[in-house]
Amino acid sequence: MIKLLTLMAFFIASNLYAKEAVILCPTFYYSSVKKTVEANGAHDKFKHCAVSCLLALRCPAVDVLELGILKELADMIGPGNSEMDDLKADYYGVGLVTSLKAKTDKACISQCHKLYPENSCQ
């Protein structure tokens, strides 16, 4: 897993030179989106899915995924808990928007609750 995350970090770093402020949009919306999500559920994988989904409604999908990867990399070296399943939940959330299964905040919340119910072990 460390090798995969390291490879992703190099990919993101190379893209930083290709396009300016690659994660500016999701970073701008993150706080307000997180508050909306936390008002609708508190378990980890649901939050990853829903935050990514709501951000993807507002920002380019690739930028949202890059922010998720950077967050997991930060968790690896900081006090957080880096998990590949968190990245999967981020991917599912973005996928809901790109597949047009979620077109509103409410749809993101609903779909992520279906994918990650409160009582699940995921």
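This report concerns the structure included in the present document. Everything quoted here is computed from the prediction, not taken from an experiment.

## Some points on the overall build of the protein
Consideration 1: Along its length, the protein carries six helices and zero strands.
Consideration 2: Counting helices and strands in the order they occur from the N terminus, the protein gives α-α-α-α-α-α.
Consideration 3: Counting only residues that meet the buried cut, the protein has 38% of its 122 residues in that class.
Consideration 4: Long-range pairs, those at least 24 residues apart, make up 72% of the contacts in the protein between residues at least 6 apart in sequence.
Consideration 5: As displayed, the protein offers around 7200 Å² of accessible surface, 62% of which is attributable to carbon and sulfur atoms.

## Here's the deal with the state of the cysteines
Consideration 1: Within this structure, the stated rule accounts for three disulfides.
Consideration 2: The disulfide that involves Cys25 links it to Cys59, with 2.0 Å between the sulfurs. Disulfide Cys25-Cys59: the torsion about the S-S bond is -80°, which places it as left-handed. With Cys25 in helix 2 (residues 24–38) and Cys59 in the loop between helix 3 (44–58) and helix 4 (61–77), the pair connects residues that are 34 residues apart, well separated along the chain.
Consideration 3: Accessibility expressed as a relative area gives 5% for Cys59, which makes it buried.
Consideration 4: In this model, Cys49 is linked to Cys112 through a disulfide, with the two sulfur atoms separated by 2.1 Å. The sign of the -70° torsion about the S-S bond sets the Cys49-Cys112 disulfide as left-handed. On the criterion of sequence distance, the pair formed by Cys49 in helix 3 and Cys112 in helix 6 (residues 105–115) is long-range, its members being 63 residues apart.
Consideration 5: The connectivity of the disulfide bonds within the protein can be written as 1-4, 2-6, 3-5, using the sequence rank of each bonded cysteine.

## Comments concerning the packing of helix 4 against helix 5 (residues 84–98)
Consideration 1: Contact pair helix 4 / helix 5: the axes reach a minimum separation of 10 Å and the direction vectors enclose 170°. Taken together, the axes of helix 4 and helix 5 lie roughly antiparallel to each other. For the pair helix 4 and helix 5, the contacting residues are Ala61, Val64, Leu65, Gly68, Ile69 and Glu72 in the first and Asp86, Leu87, Asp90, Tyr91, Val94 and Thr98 in the second.
Consideration 2: Looking at the contact of helix 4 with helix 5 residue by residue, the classes come out as seven nonpolar, two polar and three charged.

## Looking at the packing of helix 3 against helix 6
A packed helix pair is summarised by two numbers, namely the angle formed by the two axes and the spacing between the axes.
Consideration 1: The contact between helix 3 and helix 6 brings their axes to 9 Å, and the two run at 150°. Between helix 3 and helix 6, the angle falls in the class roughly antiparallel. In this structure, helix 3 meets helix 6 at a crossing whose hand is right-handed. Contacts from Phe46, Cys49, Ala50, Cys53, Leu54, Leu57 and Arg58 of helix 3 reach helix 6 at Asp105, Cys108, Ile109, Cys112, His113 and Leu115.
Consideration 2: Residue composition of the contact of helix 3 with helix 6, by class: 10 nonpolar, one polar and two charged.

About the criteria used
All chains use their own residue numbering, which begins from 1 and follows the written sequence. Only residues with pLDDT of at least 70 get local features here, since the model is predicted, and only at 80 or more are side-chain atom pairs given and counted; chain-wide, interface and lining totals rely on the full set of residues. Note that the side-chain values use all heavy atoms of the structure and ignore hydrogens as well as water. Numbered from the N terminus, helices here are DSSP runs of H or I no shorter than four residues, and strands are runs of E no shorter than two. Any residue under 20% of the maximum accessible area for its type is buried, any over 50% is exposed, and the rest in between are partly exposed; the area is computed with a 1.4 Å probe on protein chains only. We call two residues in contact when some of their heavy atoms are within 4.5 Å. The Shrake-Rupley method, run with a 1.4 Å probe sphere, supplies the accessible areas, and residue values consider only the shown protein chains as cover. Put simply, a disulfide is two cysteine sulfurs that come within 2.5 Å. Orientation is described by axes fitted as lines to C-alpha atoms, over the contacting stretch for helices, and by angles from 0 to 180 degrees between their N-to-C directions. Each angle gets one of four labels, with under 35 degrees taken as roughly parallel, over 145 as roughly antiparallel, 65 to 115 as roughly perpendicular, and the rest as oblique. By the convention adopted, Pro, Cys, Tyr, Trp, Phe, Met, Ile, Leu, Val and Ala count as nonpolar, Lys, Arg, Asp and Glu as charged, and the other residues, Gly among them, as polar. Each crossing is labelled by how the near helix is turned from the far one, with a counterclockwise turn of less than a right angle marking it left-handed and a clockwise turn marking it right-handed.

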